[in-house]
Amino acid sequence: NAGVTQTPKFRILKIGQSMTLQCTQDMNHNYMYWYRQDPGMGLKLIYYSVGAGITDKGEVPNGYNVSRSTTEDFPLRLELAAPSQTSVYFCASKDSYSNQPQHFGDGTRLSIL
Amino acid sequence: DAKTTQPPSMDCAEGRAANLPCNHSTISGNEYVYWYRQIHSQGPQYIIHGLKNNETNEMASLIITEDRKSSTLILPHATLRDTAVYYCIVRVAGGGSQGNLIFGKGTKLSVKP
């Protein structure tokens, strides 16, 4: 049981490039989340999904897009990378049962130069 | 969601119990208390959660006061590997946007030999 898997672990992008951060979970969780964490700060919610085909914006969605075509996968897309998007990105999933906790991946460390 | 207050840092001797406090004086009746920790920029790790009764699992114990306005996370025998930032989060049970966890700055616990 791998839990939540994120790839890649590290990436350096040039300004204006695009990329997709991958997230997959094998726990059959309906709810999935993308957070970013800037140095010394707490996590901020970018997007979330309550099930396949359903996504919604979080606190800081600008510059990002998501899709949820399957229960397992929840990729995060950066279309035009900007230095302000340099951060560590965490994906999480949660069972539908209301008070169950979120389970997090190990993160993707992204630098935009 | 109720706001939480945690001390910014604490020290604990290896092998001793670590008691991490959290104040959540505006907690509502349907809000749970969750504890997570983050070790050196890894993904947040779920520890324990509770509503009003004390809870214990293989990692820790959670003591919630009778009025639910504060709680204490107890690591019974702290080891060097417990050095991390510990987050106390209060929120309603639920998925989707309700499942979003709002991370503050937490308590940095340093376990010393």
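The structure this text deals with has already been given above.
Here the residue index of a chain counts from 1 through its sequence in written order. In the order they appear in the text, chains get letters beginning with A and ligands get numbers beginning with 1. Local features in this predicted model are restricted to residues of pLDDT 70 or higher, and side-chain atom pairs are both shown and tallied only at a pLDDT of 80 or more, whereas totals for entire chains, interfaces and linings draw on every residue. Only heavy atoms go into the side-chain values, all of them from the structure, while hydrogens and water stay out.

**Q** Looking at this structure, how should I read the packing of aromatic side chains?
**A** Two measures describe an aromatic ring pair: the distance that separates the ring centres and the angle between the ring planes. The rule is short: rings of Phe, Tyr and Trp, with Trp giving its six-membered ring, pair when the centres are within 6.5 Å, and they are stacked under 30 degrees, edge-to-face over 60, tilted in between. A full pass over the atoms with the stated rule returns eleven aromatic pairs over all chains. Arranged with centres 5.9 Å apart and planes meeting at 85°, the rings of phenylalanine 104 of chain A and tyrosine 36 of chain B form a pair that is edge-to-face. Here the residue phenylalanine 104 of chain A occupies a position in strand 10 (residues 102-104), and tyrosine 36 of chain B occupies one in strand 3 (residues 31-38), the pair thus bridging two chains. Residues phenylalanine 104 of chain A and tyrosine 36 of chain B agree in their burial class; the two are buried. Taking 6.0 Å as the distance between ring centres and 85° as the angle between the ring planes, the aromatic pair formed by phenylalanine 104 of chain A and phenylalanine 103 of chain B counts as edge-to-face. Here a strand is any run of E in DSSP of at least two residues, a helix any run of H or I of at least four, and the numbering for each starts at the N terminus. In this scheme, a residue with accessible area under 20% of its type's maximum is buried, one over 50% is exposed, and one in between is partly exposed, where area comes from a 1.4 Å probe on protein chains only.

**Q** Please clarify how the interface of chain B and chain A should be interpreted in this entry.
**A** Interfaces are often described in size by the accessible area the parts lose on coming together. We call two residues in contact when some of their heavy atoms are within 4.5 Å. Each partner contributes to the interface: chain B provides 21 residues, whereas chain A provides 21 residues. In this assembly, chain B packs against chain A so that about 1600 Å² is buried in total across both faces, 56% of it on carbon and sulfur atoms. Any Lys or Arg side-chain nitrogen found within 4 Å of a carboxyl oxygen on Asp or Glu counts as a salt bridge. Taken together, the connections running from chain B to chain A amount to zero salt bridges. Throughout this description, a polar contact denotes any pair of N or O atoms lying within 3.5 Å of each other; where both atoms belong to protein, one of them has to be capable of donating a hydrogen while the other can accept it, and for residues adjacent in sequence the pair is counted only when both atoms sit in side chains. Linking chain B to chain A there are five residue pairs in polar contact (both at pLDDT 80 or more). Secondary-structure elements contributing two or more residues to the side of chain B that touches chain A are strand 3 and strand 4 (45-50) of chain B. Here the quantity called buried area is the accessible surface, traced with a 1.4 Å probe, that two parts lose on coming together, added over both.

**Q** It is not clear to me how the pattern of salt bridges should be interpreted in this structure. Could you clarify?
**A** Oppositely charged side chains are able to pair whenever their charged atoms sit close together. Residues and elements named next belong to chain A. Summed over all chains, the structure comprises three salt bridges over all chains. Among the salt bridges present, the one from aspartate 38 reaches arginine 36, with a minimum N-O distance of 2.8 Å. Owing to a relative accessible area of 12%, arginine 36 belongs among the buried residues under this scheme. Two residues, glutamate 79 and arginine 77, come together in a salt bridge whose shortest N-O distance is 3.4 Å. Overall, the relative accessible area of 39% leaves glutamate 79 in the partly exposed class. Under the relative-accessibility criterion, arginine 77 is labelled partly exposed at 30%.

**Q** Sorry, what's going on with the nonpolar core here?
**A** Nonpolar side chains tend to gather and get buried jointly when the protein is soluble and globular. We call a set of buried Ala, Val, Leu, Ile, Met, Phe, Trp, Tyr and Cys residues a nonpolar core when their side-chain atoms join them within 4.5 Å. Ranked by internal contacts, the top residues of the largest apolar core, which has 21 residues, are Trp35, Leu73, Tyr86 and Leu109 of chain B. Breaking this core down by element, the ones donating at least two residues are strand 2 (18-23), strand 3, strand 4, strand 6 (61-64), strand 7 (70-75), strand 8 (84-92) and strand 9 (107-112) of chain B. Sort the elements by how many residues they give to this core and strand 8 of chain B lands first, with four residues. Sequence-distant contacts of tyrosine 86 of chain B, that is, excluding residues within four places in its chain, are made with Gln6, Leu20, Trp35, Tyr36, Arg37, Ile47, Leu73, Leu75, Gly106, Thr107 and Leu109 of chain B. Among the nonpolar cores identified, the runner-up in size contains 19 residues, and Cys23, Ile46, Tyr64 and Ala81 of chain A belong to it.

**Q** I keep staring at the pairing of strand 7 of chain B and nothing clicks. Help me out?
**A** The side chains of a regular strand alternate, first on one face of the sheet and then on the other. Residue and element names in this part refer to chain B. In this structure, strand 2 lies alongside strand 7, joined through six bridges in antiparallel fashion. Residue pairing for strand 7: asparagine 19 is matched across the bridge by isoleucine 74. DSSP-based pairing: two strands are paired if at least 2 bridges between them are found. Taking the residues between adjacent antiparallel strands as the criterion, strand 6 and strand 7 are bridged by five residues, where arginine 68 takes a positive phi near 65°.

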